[in-house]
Amino acid sequence: SLLLWAASEKGAKRYEKAADDIRASLLRRLMHNLGDAASSVLRFVESGAGPDVLALSVVSQVVFGQGEDKVLDAAAARMEQYHGNKPIPKAVGRTLGSAVTDAIAELDRQDDPRIAQQHLQRADELLKQFLCDDHAYRNTLSRLSFEQRLGRLGHTIRAALDIPRDTITESCEALLEEIKEHRLAKLGRNKDQVSRAEMAVRLVRWLSNSPGAPPSFAEQTNHYIRELSFVDWAREPLCRGEDVDDLSAAYQLLDQAVLRKREELTNTFAKSLADWSAVGSKEAGVLGVEDVLSKVVSKVVEANNRVLFVVLDGMSWAVCHELLEDIRQDHWFEATLDEANTPPLPIIATIPSITTYSRTSLLSGTLAKGDQNLEKKNFEASKALVEVCDKRYPPVLFHKKDLTEGNRGAISEAVSKSILSSNQRVVGVVINAIDDRLSNAQQVIDNWSIGRISPLRALLRLARDSGRVVILASDHGHVWHRPDAQHRSHEEGCRWRANHGTCADDEIVLLGSRVIGNDN
């Protein structure tokens, strides 16, 4: 309160105009209640530095923190010009540094954020004036401090990539905590920067401890869901860079290091997929996308549940993890097919894994190629679903054009009526939001949430109100295009082609009954 009073124009002027006996009385009273720090605050005011008292207290966090440093000792001497040319005791400086955190927090609670920012900007200017701005990271409040903390993390990440050691990984984790403790992180205005830093540290930790690929295809698919999909989630925000140059450069190097490790695992997975596909058998622990209706949806309905089956076209496991994190905060919880709490089985898309084949197969319950009309026809006639539904209320499926009233409107009346119906046991909907984003220029950062996918929030609310189990599914995942990606134009697509008997060094031939593109 004393700091805020001293920084206010009215408070300082009243003190300066007061008689000497009143000022002496005030000093005695404040020192009795607050100690020697009160004397220093009044000395700042008497030296004409009242408007800078908050900024000087922020500087005190830097200059009078723990440890000895000649640069900071010299800065303390330069501060004396604002303190009646008298030294500031270290204990007093630390008290001021502690108190200013609460004072700035009080200003942050006011309606105008510019007030606190003006004082903090002045603090950064004073740090430069006192020739100690390289140590700004020691304060927990200013913009320069926050950027330096990010930069220090960048330097340490680069060191961890050069010589991986547990001690350097621990240093990254400690620097991350310093970033999270900063005022700008707590205000939430820099939530994305803090999240990227957290993802980066997770990747540093993963690189130092990542094992090789498991031996079997089923184990590799489960390994992807349990671990590598989280790695892919963490990689995505990093590849977009950072405002702080040192950290941005570190992110690029980290992304490349993770990519090299991921490519090793990806190549192993691709070869295992080719073997699995050629054999043509479904080994334990893996399902095909065409098995979802019979092995998952119908089983949930058989357990006396009504189901909302939501197909998020193009949703990868990385996007799914991000989405689930948001859904859990909306009073939903995940359930399993049995009391053993066994996680969902990995689902393998068709080959090629594109909408025309994989989504049609998912919604048909059998390998197929087609469009929305075939998907709707096959879903609503699915034997596995029809058998668990009331004959008067067979399963229904809604695509994009039927889902909302107009492109961006509310959920249509037909969809709402079906979901809320106590007789309609299976309702399917297809949402294209994620897949649609894949074809757009990626100059917009996607943070996947139920609010980001406009129909999903409304659908979940309807399902909650009607007591439905929600099954989230995807027809295929996706790989974001990287700057160094190579695209080969073929008649069929840029990521796959028919087998004409020749195979490049970086291509793999996939054969088997689940390969349905062009009958190859």
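It should be emphasised that the depicted structure is a prediction, and the values quoted were computed from it without experimental measurement.

### Details of the environment of Glu380
Here Glu380 shows up in helix 18 (residues 372-380). Of the residues examined, Glu380 reaches a relative accessible area of 25% and is grouped as partly exposed. C-alpha of Glu380 to C-alpha of Asp162: the two residues are 218 residues apart in sequence and 57 Å apart in space. Not counting chain neighbours up to four residues away, the residues in contact with Glu380 comprise Val386, Pro394, Pro395, Val396 and Leu397. Only 2.8 Å separates the side chain of Glu380 from the side chain of Lys376, close enough to count as a polar contact. Polar side-chain contacts of Glu380 include one of 3.1 Å to the backbone nitrogen of Leu397.

### Some details on the side chain of Arg183
Within the secondary structure layout, Arg183 lies in helix 11 (residues 183-187). Those residues in contact with Arg183 that lie beyond four places of it in its chain are Ile104, Asp108, Ala116, Gln117, Leu120, Thr140, Leu141 and Arg189.

### Here's the deal with the nonpolar core
One finds Leu3, Val53, Leu54, Leu56, Val63, Met79 and Phe130 to be the most contacted residues of the largest nonpolar core, which totals 45 residues. The element contributing the most residues to this core is helix 5 (residues 53-63), with eight residues. Judged by nonpolar contacts, the second largest core, of 33 residues, contains Ala197, Ala200, Val201 and Val204.

### Let's talk about helix 3 (residues 20-34)
Given a rise of 1.5 Å per residue, 15 residues ought to cover 21 Å, and the 21 Å separating the end C-alpha atoms of helix 3 matches this to within 8%. Just downstream of helix 3, Gly35 is the residue with a positive phi angle, here 90°.

### A word on the confidence of the model for the protein chain
With 93% of its residues at a pLDDT of 70 or more, the protein chain has an overall mean of 88. Per-element mean pLDDT across the protein chain ranges from 74 in helix 22 (residues 433-438) up to 97 in helix 5.

### Here's the deal with the environment of Tyr393
Within the fold, Tyr393 resides in the loop between helix 19 (383-386) and strand 4 (396-398). Of the residues examined, Tyr393 reaches a relative accessible area of 27% and is grouped as partly exposed. Taking the C-alpha atoms as reference, Tyr393 lies 78 Å from Ala49; in sequence the two are 344 residues apart. For Tyr393, the contacting residues outside a window of four places in its chain are Asn423 and Gln424.

### As for helix 4 (residues 36-46)
Of all eleven residues making up helix 4, eight are buried, and the element is well covered by its neighbours. Within helix 4, the full set of buried residues consists of Ala37, Ala38, Ser39, Ser40, Val41, Leu42, Phe44 and Val45. Buried-residue contacts for helix 4 involve helix 1 (2-7), helix 2 (9-17), helix 3, helix 5 and helix 7 (90-108). Phi turns positive one or two residues past the end of helix 4, at Gly48, with a value near 80°.

### Things to note about the packing of helix 13 (residues 217-238) against helix 16 (residues 317-328)
Packing of helix 13 against helix 16 brings their axes to within 8 Å, and their N-to-C directions diverge by 85°. On the basis of the axis angle, helix 13 is roughly perpendicular to helix 16. For the pair helix 13 and helix 16, contact is made by Tyr224, Ile225, Ser229, Phe230, Asp232 and Trp233 and by Trp317, Ala318, His321, Glu322 and Glu325, respectively. In the contact of helix 13 with helix 16, the residues fall into six nonpolar, two polar and three charged.

### Observations concerning the pattern of salt bridges
Under the defined criterion, the tally for this structure stands at 26 salt bridges. We note a salt bridge from Lys90 to Glu68, for which the minimum N-O separation is 3.2 Å. You can see Lys90 sitting in helix 7 and its partner Glu68 sitting in the loop between helix 5 and helix 6 (70-79), a full 22 residues away along the chain. Taking relative accessible area as the criterion, Lys90 reaches 30% and is therefore assigned partly exposed. For Arg196, the salt bridge goes to Glu242, with nearest N and O atoms at 3.1 Å. Placement of the pair is Arg196 in helix 12 (residues 191-209) and Glu242 in the loop between helix 13 and helix 14 (245-279), with a sequence separation of 46 residues. There is no split in this pair, since Arg196 and Glu242 are both buried.

Conventions we followed
Just so you know, the residues in each chain are numbered from 1, in the order the chain's sequence is written. Side-chain atom pairs in this predicted model are given and counted only at pLDDT of 80 or more, local residue features only at pLDDT of at least 70, and totals for whole chains, interfaces and linings cover all residues. Working from all heavy atoms in the structure, the side-chain values ignore hydrogens and water. Runs of H or I in DSSP of at least four residues are treated as helices and runs of E of at least two as strands, each being numbered from the N terminus. Think of it in three bands: with a 1.4 Å probe and only protein chains considered, a residue is buried below 20% of the maximum accessible area for its type, exposed above 50%, and partly exposed in between. Contacts: residue pairs with any heavy atoms within 4.5 Å of one another. In the analysis that follows, any N or O atom pair within 3.5 Å is treated as a polar contact, provided that within protein one partner can donate a hydrogen and the other can accept it, and provided that, for residues neighboring in sequence, both atoms belong to side chains. Take the buried residues of types Ala, Val, Leu, Ile, Met, Phe, Trp, Tyr and Cys, join any two whose side-chain atoms come within 4.5 Å, and each joined set is a nonpolar core. One fewer than the residue count of a helix, multiplied by 1.5 Å, yields its expected span. A score between 0 and 100, pLDDT records how confident the predictor is in each residue. Angles run from 0 to 180 degrees between N-to-C directions of axes, and those axes are lines fitted to C-alpha atoms, restricted for helices to the stretch in contact. Here roughly perpendicular refers to angles of 65 to 115 degrees, roughly parallel to angles under 35, roughly antiparallel to angles over 145, and oblique to all remaining angles. Residue polarity is assigned by list, with Asp, Glu, Lys and Arg as charged and Ala, Val, Leu, Ile, Met, Phe, Trp, Tyr, Cys and Pro as nonpolar; anything else, Gly included, falls into the polar class. A side-chain nitrogen of Lys or Arg and a carboxyl oxygen of Asp or Glu constitute a salt bridge if their distance falls within 4 Å.

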